[in-house]
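Coordinate inspection notes
Chain by chain, the residues run as shown.
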Amino acid sequence: MFLQPYKLLSHYILLVAKCCVQLFSTPTDNRSAASLCFGLPIVVSSISLIMDWFWLNPYMHRPLMPMQTKCIKECAAEERGKGYLVSCLVDHRGNITEYQCNQYITKMTSIVFSDYRLICGFMDNCREDINSLHCGSISTGEKDVHSQGEVIACLEKGLVREAEEQPGAHAIRPDCKKAIMRVAELSSDDFHLDRYLYFSCREDRERFCENTPAGEGRVYKCLFNHKFEEAMSEKCREALTTRQKLITQDYKVSYSLAKACKTDLRKYRCSVDTNMPRAREARLSYLLLCLESAVHRGRTVSGECQGEMLDYRRMLMEDFSLSPEIVLHCRGEIELQTLIQEADPGADYRIDRALNEACESVIQTACKHIRNGDPMILSCLMEHLYTEKMVEDCEHRLLELQYFIARDWKLDPILYKKCQGDASRLCHAHGWNETSEMMPPGAIFSCLYRHAYRTEEQGRRLSRDCKVEVQRILHQRALDVKLDPELQRRCMTDLGKWCSEKTESGQELECLQDHLEELVSECRDVVGNLTELASEDIQIETLLMRACEPVIQSHCHEVADNQIDTGDLMECLVQNKHQKEMNDKCAVGVTHFQLVQIKDFRFSYKFKMACKEDVLKLCPNIKKKVDVVLCLSTTVRNDTLQDVKEQRVSVKCRKQLRVEELEMSEDVRLEPELYDSCKQDIGRLCQNVAFGNAQVIECLKENKRQLTQRCHHRVFKLQEVEMMDPELDFQLMRVCKQMIRRFCTEADAKNMLQCLKQNKNSELMDPKCKQMITKRQITQNTDYRLNPVLRKSCKADIPKFCQSILNKATGDSELEGQVVSCLKLKYADQRLSPDCEDQIRVILQESALDYRLDPQLQIHCTDEISRLCPEEAAAQEQTGQVEECLKVNLLKIKVEGCKKEVLNILKESKADIFVDPVLHTACALDIKHQCAAIPPGRGRQMSCLMEALQDKRVRLQPECKKRLQDRIDMWSYAAKVAPAEGFSDLAMQVMTSPSKTYILAMIGLSVCILFLFGLLCGRMTKRLMQEQKDR
């Protein structure tokens, strides 16, 4: 059947000549002569009777003769007469553009790859290995001619077994290894050329890669991406795995990787690094590391190459068996106790007699609903570990058995049954039901739980039944570190160093989390991973869930019932941490988790998912959550202040950022810088105050004058932030929660305090909320920087009138109300801008009702108030009685500073009657009758009342008349003690004086006399000058 007409041979010979011309009319890459060659299937006496250059000469046309020298030169190193010419052409087929020539080479390649005997030199190099590995025979016999592709597949599998040093692996000769890898490399372009894989995956190609064109390794990559799909046939999956393992031995077996990274590999000398061992099984890993190192150093690696690198790094991560070095070096750690494996007590706890006897009472009470001998008995016992129903002896025996079960997933029959398919599909766990199979301890379960929390977008998730079992195991492992093999192995030293005294259940992991920064790197990584996993599904923290059962049932049952937690349950527990159902154990556990979360923003699942892109873009290299929150909130604030069109922080991140800020405001320990700065002050001033509910923060605020400088500065900065954003004031929002709902439902969060202040004196205002509002008003009046509205309204007036105060102040000190007092005096002088005047009027009216809102008065008059006005101060009615008492007893005040402040109050009251609440209350009816048409402010209504007092035709109310007369006496005394400081002050005193008419008349008379005197003197001077001139 192989006999061909001589003309057909001539036709192919001419095509070869054309190929040679086409090939060497384009640049070549001067590669060394190929180690493979192809023979024509023509019947001659020998199979090696194939084309030879000199044999072609008689059939070549004249125009091709000049190209003969170039062709011979390119393939000069090849042996003559054995058909190496076609091999040369295949090596350079990428440069061939002539259609007929290309078609010829493609057909010849397909023919040759169908039968390894047609590969020149392959039989000579691999004959012994073919026979030793029983990979086939030279003659096909009755077998399908295509079965010869299985010979190469058999040799490839033998090469893989040798690389992995599997027991009984045959050592393949070096020449045959090179030939095998060369065949794999040449077939990397088109998957049709790998005959074994082609026939193994024909149906899978149609199923998964129907629209993927052949060539350039595209079909290979498509099949790789679907290797773990349930619909993928086992035979195809096995063939693909073998192909991937060859790629790990030599990157050139991947056409796409070799092509995309060819320039970069040569540029960074990755394939010729003499410092690297020449182990073939590691070459792909070394090359990837070399290119990754170049990227990390800031070198340029093409985007196409980086894409290929990402694909193959993912391939290695998804299937550890593709990395021979991992299988090789971890094999010694894979063995488990033979006795436990053979007995398999996980399937029936009764096999372990000691366990059966120790736990009989627990089974009869806690697990009586489960059939005797059922594997779920062990799971039930684990669920009751560390509960009241568990007995000590059973606890010890159960932990001993679980120690081994945790290290071999097959020993948990329920997990094995539910997850066997997933383990085979996702974790390369073929044949794990055989006890002779050796694998790393915990490797399969680690793989399963990595896939348990994948989203739909990430794909390749566990089946629902398997996920339930994986979560069950995770919940059980959280009970004791000994049940987590990886944690115990990596953290043994740290457990002894930091946690030797932590013997209670769950304390060891909490201890490791508390000392996260001090742990060795490998322990820190595994503890971090567990904490990150728990942040996504807090139900893994079994002990915490037990403690929080009441509050979960009352407030969080909806999110607790979700199959996917995604951090909602922990957020709900935090929000309800102060509900009556919250017990001490749950509150401590929730707070501990919050304290752990501040160590790394990845430990807050919702925050991480909402803000990970913003963190990478705006806050790179920042790890601590509190620093990330500060960085992002600062960015949001700056964008808001600058009125940028588009905020740099995304909307979803801003929403979650607000949640994190509110949670951090609840406990001083959640703000490490504040806590570290004030730890000494907390121990000295707030030692009896419990953490949580912002109680310690409130204690620091109330004792602000006694704080150390460092702590005082931090507290002031905190108050500055809270005044700008009252929603972050946890105590205010908690105490006034109901009042906010009543009065401020439509108010913006930034204006919440302003809204509460406006409704402070409402009859419906809650007394506790009113007291809290007063505290915040006192705080605002101590420093203008704590009153954002005042600061904005008076930004021009403050430097204009109060610059001397600002010059004396240091950046870390508070101004104790000095700037506000300065502005009050300028208000009395009527020199403020309208906006600033409105704000100062409000402050004057509020402080007139409650002396505590005047910091300077409180500082200078504390002793005098205690001596002269004890009853008024004790009443705390906030009706201005304390200020009225000080005014009445002005002559009795001994402290000069206090006397000055009272005089300032009197001066301020002249400018606006509303600043004097006692007088305003007494004269409210008279103002309505006598001064209704006169607008308030600038002393207008006060002047109106004074004129009415002097007018005998007007009859004022007795109380009003008495209060006005008292004010006149006070102002008269004030004028003597504190004379006018300027013309405006003098004018105000004249206008408010009871002798205003007399004074104005005298001033007018004086002016007239001066005018007449000047007029007379001027006439006399003019006459004298005229007389002198006439002389």
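As the structure is a prediction and not an experimental result, all values here were calculated from the model.

Our focus in this paragraph is the overall build of the protein chain. Of regular secondary structure, the protein chain possesses 58 helices and 2 strands. Considering the protein chain as a whole, with its 1031 residues, one finds that 49% of them fall into the buried category. As presented, the protein chain carries roughly 53,100 Å² of accessible surface, and 51% of it is formed by carbon and sulfur atoms.

Moving on: the environment of K157. Position of K157 relative to the elements: it lies in helix α7 (residues 149–163). The spatial distance from the C-alpha of K157 to the C-alpha of T242 is 6.6 Å, given a sequence separation of 85 residues. Those residues within four positions of K157 in sequence are excluded, and the remaining contacts are Y196, E238 and T242. Among the polar contacts made by the side chain of K157, one reaches the side chain of Y196 at a distance of 3.4 Å.

So, on to helix α28 (residues 521–536). For α28, built from 16 residues, the straight-helix expectation of 22 Å at 1.5 Å per residue is met to within 8% by its first-to-last C-alpha distance of 23 Å. All of the buried residues along α28 are C523, V526, V527, G528, L530, T531, E532, L533, A534, S535 and E536. Buried residues in α28 make contact with α24 (443–452), α25 (464–477), α26 (485–498), α27 (507–514), α33 (584–597) and α34 (605–618).

Moving on, we get to the confidence of the model for the protein chain. Mean pLDDT for the protein chain: 77, with 75% of residues reaching 70 or above. Scored below 50 in pLDDT, residues 1–75 makes 133 contacts in the model with residues more than four places away or belonging to other chains. Counting contacts from residues 331–343, a segment whose pLDDT is below 50, to residues more than four positions away or on other chains yields 19 contacts.

Looking at the element boundaries, E884 is found in helix α51 (residues 881–888). Look at E884 and you get buried, because its relative accessible area is 4%. Sequence-wise, E884 and V902 are 18 residues apart; in three dimensions their C-alpha atoms are separated by 9.6 Å. Non-local contacts of E884, meaning those with residues more than four positions away in its chain, are made with D916, V918, R963 and R967.

So, about the nonpolar core. Judged by nonpolar contacts, the single largest core of 59 residues is most densely connected at F122, L155, L197, L240 and L291. Here this core takes 7 residues from α7, the largest share from any one element. One finds C898, I905, M970 and W971 within the second-largest nonpolar core, a separate group that totals 34 residues.

A positive phi angle is found at D643, which is not glycine, with a value near 55°. Residue position: D643 is located in the loop between α35 (625–641) and α36 (651–664). The exposure class assigned to D643 is exposed, which follows from its relative accessible area of 65%. Positive phi, close to 60°, is recorded for N693, a residue that is not glycine.

This part is about the pattern of salt bridges. Applying the stated criterion to the full structure yields 52 salt bridges. A salt bridge links R243 to D194; the nearest nitrogen and oxygen atoms lie 3.1 Å apart. In this pair, R243 sits in helix α12 (residues 234–249) while D194 sits in the loop between α8 (174–186) and α9 (195–200), placing the two residues 49 residues apart along the sequence. Like D194, R243 is buried. D783 is paired through a salt bridge with R785; the nearest N and O atoms lie 2.8 Å apart.

Quick look at a nonpolar patch on the surface now. A grouping of M1002, L1005 and I1009 is seen on the molecular surface, where their side chains present a nonpolar patch of about 270 Å² in accessible area. Note that I1009 resides in helix α58 (residues 996–1030).

The next thing to look at is the side chain of E571. Following the sequence through the fold, E571 ends up in helix α32 (residues 568–575). For E571, a relative accessible area of 15% corresponds to the buried category. Not counting residues within four places of it along the chain, the set of residues in contact with E571 comprises K606, Q656, V659 and E663.

Once that is clear, we can look at the side chain of H592. Its location among the elements puts H592 in helix α33. When neighbours within four sequence positions are excluded, H592 is seen to be in contact with E510, Q513 and D514.

Residues L509, C511, L512 and Q513 constitute the buried set of α27. Buried-residue contacts for α27 involve α26, α28 and α33.

For the structure on display, the rule yields 3 aromatic pairs. When the ring of F191 is compared with that of Y198, the centres are 5.4 Å apart and the planes differ by 65°; the resulting orientation is edge-to-face. With respect to class, F191 is no different from Y198; both count as buried. Ring centres of Y198 and F199 lie 5.1 Å apart, and the angle between their planes is 65°; this geometry places the pair in the edge-to-face category. Judged by relative accessible area, which is 19%, Y198 ranks as buried. Take F199: its relative accessible area is 28%, and that puts it in the partly exposed class. Through pairs of rings, three or more aromatic residues link up here, namely F191, Y198 and F199.

Our focus in this paragraph is the environment of L291. Mapped onto the fold, L291 is located in helix α15 (residues 283–296). For L291, a relative accessible area of 3% puts it in the buried group. The spacing of L291 and C270 is 21 residues in sequence and 7.3 Å in space, taken between C-alpha atoms. For L291, the contacting residues outside a window of four places in its chain are C261, D264, L265, Y268, C270, V301, C305 and M309.

Here the focus is the packing of α32 against α33. Where α32 meets α33, the closest approach of the two axes is 10 Å, and the angle between their N-to-C directions is 115°. Note that α32 runs across α33; the crossing there is left-handed. Contacts between α32 and α33 involve M570, L573 and V574 from the first element and V590, F593 and Q594 from the second. For the contact of α32 with α33, the class distribution of residues is 5 nonpolar, 1 polar and no charged.

Let us now look at the packing of α35 against α36. Interhelical geometry of α35 versus α36 gives an angle of 125° and a closest axis separation of 10 Å. With respect to their mutual orientation, α35 and α36 come out oblique. Handedness of the crossing formed by α35 with α36: left-handed. Along the contact surface, α35 presents K625, V626, V629, L632, S633 and V636, while α36 presents C653, R654, L657, E660, E661 and M664. By residue class, the composition of the contact of α35 with α36 is 7 nonpolar, 1 polar and 4 charged.

Calculation rules
- Residues numbered from 1 in each chain as written.
- Predicted model: local features only at pLDDT ≥ 70, side-chain atom pairs only at ≥ 80, totals over all residues.
- Heavy atoms only, no water.
- Helix = DSSP H or I, 4+ residues; strand = E, 2+ residues; numbered from the N terminus.
- Buried < 20%, exposed > 50% of the residue type's maximum accessible area, 1.4 Å probe, protein only.
- Areas by Shrake-Rupley, 256 points an atom, 1.4 Å probe, with all protein chains shown as cover.
- Contact = heavy atoms within 4.5 Å.
- Polar contact = N/O pair within 3.5 Å; in protein donor to acceptor, adjacent residues only side chain to side chain.
- Expected span 1.5 Å × (residues − 1).
- pLDDT = per-residue confidence, 0-100.
- Core = buried A, V, L, I, M, F, W, Y, C linked by side-chain atoms within 4.5 Å.
- Salt bridge = Lys/Arg side-chain N within 4 Å of Asp/Glu carboxyl O.
- Patch = residues over 30% accessible without salt bridge, like charges linked within 9 Å, V, L, I, M, F, W, Y side chains within 5 Å.
- Phe/Tyr/Trp six-rings, centres within 6.5 Å; stacked < 30°, edge-to-face > 60°.
- Axes fitted to C-alpha atoms, helices over the stretch in contact; angles between N-to-C directions.
- Left-handed = near helix turned anticlockwise from the far one by under 90°.
- Nonpolar A, V, L, I, M, F, W, Y, C, P; charged D, E, K, R; others polar.
- Parallel < 35°, antiparallel > 145°, perpendicular 65-115°, else oblique.

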